[in-house]
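Residue-level structural notes
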Amino acid sequence: MSNVVYLGKVNFNWCDNCNVPALGKKCSICGSDTRQVNLTPPGEFKFMMNGDRNLINKAFKNILKEDFSEIFSDYVIILNRIPGPDRSEEIIVNGYVIATIIYDIEKIKVALKPAFYFMAKDHLRDIFVQADPIAIESIKKGNNLMAPGVIKIGKDVSKDMDVFIIDEKNNAIALGLSKISRDDKLERGMAVKIKFLIEDMKIPYSKSDIKKTINANKDYMRKREEQSIKMIEKLNGKNVYVSFSGGKDSLVALHLALRSGIKFKVIFLNTGLEFDETINYVKNIKEKFSLDMDIIDAGNAFFLNLGHFGPPGRDYRWCCKVCKLGPTTRYIKEHSGEYIYMIIGQRSYESRTRASKGEIWENEWVPNQIGVSPIQNWNSLMIWIYIFEHNLDYNPWYDRGLWRTGCFLCPSQDLGDLNIVRDNYQKYTEWENYLLRYAKENNLPEMWVEKGLWRWNDLPEPLKKKFDFKGFKRTSLKIEKELIGDFYEIKSNKEIDKKRLRNMMHIIPKNFYNLDNKILIHKIFIELGQQIIYESEECVGCGICTGRCENDALYLEDGKVWVNEEKCIHCTKCIGSCPAYAFR
């Protein structure tokens with residue numbers, strides 16, 4: 001299930017004179033005032049790409065006589081990704097939302113808007129329901145169309161699709177959700193649930209395209225670009241890196257950094273789950289701009305830890321800590337040893353967490369790193385305008401219909417996106433085969449894989465009800481404590497390796513724990529002690545904690561972190577954010 005709706009104003013206007021989207025209040029082409037377009041927050045946009053074109057044509061197959069992309073080929077088409085049961089997006093043409101496409105796990109649904117009728121009325125299939133005069137008057141008063149008022153049902157009408165209500169003169173009166181099909185025998189009950197009345201609209205029809213959109217936003221973009229570049233220029237002389245992931249946002253952040261003229265090094269983190277095309281694309285960008293680039297390779301970290309954690313989930317993203325933050329921490333410690341300023345292509349529109357960080361922040365997971373985002377307050381329409389204006393090569397997966405690139409099996413992807421990956425990438429089929437084996441071993445139905453329910457550790461309630469399935473929560477070590485005097489006695493659901501725990505417990509002073517018979521931890525150190533137990537048993541060797549140790553008292557061996565007891569001074573600074581503890 002997609003994220004919840006973000007409340008707030010969406011920065012998206014339209015110049016009716018030039019018939020293009022506008023970011024500012026004035027159009028840079030004609031100078032006229034722009035009109036605010038009412039959209040669903042948060043406002044995550046892109047131009048319709050080739051892959052989107054194919055999906056949208058398929059979605060409208062039962063609504064239009066020709067392909068959607070052919071009918072609207074003279075206009076710039078903008079998609080706005082919105083919260084929904086799965087992948088959902090509003091389609092904006094000629095300054096109006098004309099439809100919403102919802103990839104509802106089991107099928108694609110299309111919800112039409114009144115503007116769609118005026119733009120496509122000559123191309124519609126027979127999705128009309130004709131009503132008698134009495135029913136028409138009732139509809140105009142806010143009522144639904146009831147069965148006795150139906151005169152004729154169009155041959156392409158089916159249940160649960162949007163249809164247009166017409167009068168005896170074939171004038172469109174309303175738009176609603178059909179509760180009937182062509183061959184239904186109507187006697188009583190609701191025929192169409194009315195959603196909108198159809199009223200005349202002033203719609204611009206002049207031709208438009210991406211180039212015209214770029215020109216209409218030149219003044220607004222120049223101002224925002226200058227602000228971002230000045231922000232980067234302030235880092236001149238500091239230890240600056242640019243994180244390039246191969247995605248659109250990091251591409252723009254990288255290009256802005258190049259334009260600033262400051263000295264920096266680029267890093268690309270290969271998580272081991274990147275698309276092959278992404279790796280090739282990154283190499284091409286490195287050559288094109290002659291970048292000083294280091295590649296951080298997480299190797300087989302994901303699959304080495306998969307047996308321990310199980311499939312990752314949206315609420316169980318151990319993979320990011322193991323495959324991204326751990327390798328990054330080790331890299332920073334090995335190559336820098338001091339604070340670095342990492343320019344990152346992060347935007348507040350992507351999530352609540354990212355919105356809360358601001359333009360500059362210190363990463364709790366990666367010691368000695370200060371994150372800097374020059375595009376923090378850009379929306380994705382700005383990103384795409386920038387990419388097309390500067391003729392930047394972008395990741396080919398965007399043309400295949402994905403909204404974001406990254407790990408090919410990322411559980412944060414909607415099922416609609418993962419279906420695109422499955423159809424275009426063999427490794428995803430291999431991942432699905434693993435999920436099917438995992439489901440069988442844990443007595444889970446195939447539906448857990450087919451419906452994408454594996455993407456949650458704790459399945460949301462709406463999906464539990466929809467599929468009558470309680471879900472499956474991955475579990476690991478669980479401990480309980482009982483206070484006996486000044487010490488807590490620790491009990492667990494499985495045997496604990498005391499030899500290893502003795503080594504890890506060296507992090508806290510000796511007099512505050514006892515492992516001779518039972519596991520006892522002094523109440524002063526109980527919180528730290530509990531985390532040490534989890535880290536001792538569940539360590540995945542990501543190395544995040546090693547970056548916090550100022551005395552090099554932690555080291556990696558056999559895929560786990562160990563304490564050099566001679567170097568450790570019991571400062572406990574190494575005890576912080578840890579995937580073994582966070583995802584317990």
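Residues numbered from 1 in each chain as written. Predicted model: local features only at pLDDT ≥ 70, side-chain atom pairs only at ≥ 80, totals over all residues. Heavy atoms only, no water.

1. What about the overall build of the protein?
- Within the protein, the secondary structure is distributed over 19 helices and 26 strands.
- Overall, the C-alpha framework of the protein stretches about 90 × 60 × 40 Å when taken along its three principal axes.
- Here the protein holds 584 residues, and 55% of them are scored as buried.
- Long-range contacts, defined here as pairs at least 24 residues apart, represent 66% of the contacts in the protein between residues at least 6 apart.
- Split by element, the accessible area of the protein, about 27000 Å² in all, is 46% carbon and sulfur.
- Each charge sign in the protein was given a centre, from 86 positive and 78 negative side chains, and these centres are 2 Å apart. (Helix = DSSP H or I, 4+ residues; strand = E, 2+ residues; numbered from the N terminus. Buried < 20%, exposed > 50% of the residue type's maximum accessible area, 1.4 Å probe, protein only. Contact = heavy atoms within 4.5 Å. Areas by Shrake-Rupley, 256 points an atom, 1.4 Å probe, with all protein chains shown as cover. Lys, Arg positive; Asp, Glu negative; His and termini not counted. Charge placed at Lys NZ, Arg CZ, Asp CG, Glu CD.)

2. A closer look at the nonpolar core
- Residues F60, F72 and F116 are the most contacted members of the largest nonpolar core, which totals 109 residues.
- At eight residues, the largest contribution of residues to this core is made by helix α10 (residues 318-335).
- Formed by 51 residues, the second largest nonpolar core is a distinct cluster that contains M49, V97, V252 and I343. (Core = buried A, V, L, I, M, F, W, Y, C linked by side-chain atoms within 4.5 Å.)

3. Structural notes on the environment of L415
- Inspection of the secondary structure assignment puts L415 in helix α13 (residues 415-424).
- Along the backbone, L415 and N377 are 38 residues apart, and their C-alpha atoms lie at a distance of 28 Å.
- In this view, L415 contacts D86, I105, E450, K451, G452 and R455; residues no more than four positions away in its chain are not counted.

4. Some thoughts on the pattern of salt bridges
- Scanning the model with the defined rule gives 31 salt bridges in all.
- With a shortest N-O distance of 3.3 Å, K427 and D276 are connected by a salt bridge. Taken together, the positions of K427 in helix α14 (residues 426-441) and D276 in helix α8 (residues 276-288) put the pair 151 residues apart, joining distant regions of the chain.
- On the basis of relative accessible area, D276 is assigned to the partly exposed category, the value being 37%. (Salt bridge = Lys/Arg side-chain N within 4 Å of Asp/Glu carboxyl O.)

5. Description of the packing of α13 against α14
- The N-to-C vectors of α13 and α14 enclose an angle of 110°; their axes lie 5 Å apart at closest approach. Looking at the two axes, α13 sits roughly perpendicular to α14. Handedness of the α13/α14 crossing: left-handed. The residues of α14 that touch α13, namely those facing L418, V421, R422 and N424, are Q426, Y428, T429 and E432.
- Grouping the amino acids of the contact of α13 with α14 by side-chain chemistry returns three nonpolar, three polar and two charged. (Axes fitted to C-alpha atoms, helices over the stretch in contact; angles between N-to-C directions. Parallel < 35°, antiparallel > 145°, perpendicular 65-115°, else oblique. Left-handed = near helix turned anticlockwise from the far one by under 90°. Nonpolar A, V, L, I, M, F, W, Y, C, P; charged D, E, K, R; others polar.)

6. Focus: the sheet that holds strand β13 (residues 172-178)
- Here we have six strands laid out as an open sheet, ordered β10-β14-β13-β12-β9-β11, and mixed in their pairing. Two strands lie at the open edges of the sheet, namely β10 (145-146) and β11 (150-153), each paired on one side alone.
- Judged from the five bridges that link them, β13 and strand β14 (residues 190-197) form a sheet pairing that is antiparallel. Bridge pairing links G176 to I194 in β14. (Pairing = 2+ DSSP bridges.)

7. Details of α14
- Counted at 1.5 Å a residue, the expected span for α14 with its 16 residues is 22 Å, and the 23 Å between its end C-alpha atoms agrees.
- Among the residues of α14, those classed as buried are Y428, W431, E432, Y434, L435, Y438 and A439. The arc enclosing the buried residues of α14, seen along the axis, measures out at 155°, which places them on a common side. Those residues of α14 that are exposed and angled more than 90 degrees off the buried face are Q426, K440 and E441.
- Buried residues belonging to α14 abut α9 (301-309), α13 and α15 (447-450).
- Taken from the residues just after α14, N443 is the one with a positive phi, measuring 55°. (Expected span 1.5 Å × (residues − 1). Arc of directions from axis to C-beta.)

8. Digging into the environment of S32
- Inspection of the secondary structure assignment puts S32 in the loop between β2 (20-22) and β3 (35-36).
- On the basis of relative accessible area, S32 is assigned to the partly exposed category, the value being 23%.
- Distance from S32 to N17, taken between C-alpha atoms, is 7.5 Å for residues 15 residues apart in sequence.
- If near-sequence neighbours (up to four positions away) are discounted, S32 is found in contact with C15, N17, K25, K26 and C27.

9. Concerning the confidence of the model for the protein
- Model confidence for the protein is summarised by a mean pLDDT of 91, while 96% of its residues fall at 70 or above.
- Segment residues 1-7: pLDDT under 50, and 25 contacts once partners within four positions in sequence are set aside and those in other chains are kept. (pLDDT = per-residue confidence, 0-100.)

10. A word on the layout of surface pockets
- Taken as a whole, the second largest pocket encloses approximately 420 Å³ of empty space.
- Taken together, 17 residues form the lining of the second largest pocket, with I108, K109, V110, D160 and M161 sitting closest to its centre.
- At the level of secondary structure, the elements contributing two or more residues to the lining of the second largest pocket comprise α1 (50-59) and β8 (107-112).
- For the lining of the second largest pocket, the element with the most residues is β8, which contributes five residues.
- Here the residues of the lining of the second largest pocket sort into eight nonpolar, two polar and seven charged. (1 Å grid on protein atoms, 1.4 Å probe; cavity = no way out; pocket = protein on both sides within 12 Å on 5 of 7 lines; lining within 4 Å. Points joined across faces, edges and corners; volume = space filled by probe spheres on them.)

11. Let's talk about the packing of helix α7 (residues 248-260) against helix α12 (residues 380-389)
- Across the interface, α7 lies against α12 with an axial gap of 10 Å and an inter-helix angle of 60°. Taken together, the axes of α7 and α12 are oblique relative to one another. Relative to α12, the crossing made by α7 is left-handed. Counting all contacts with α7, which are made through K248, D249, L251, V252, H255, L256 and R259, the residues of α12 involved are S380, I383, W384, Y386 and I387.
- In terms of residue class, the contact of α7 with α12 is built from seven nonpolar, two polar and three charged.

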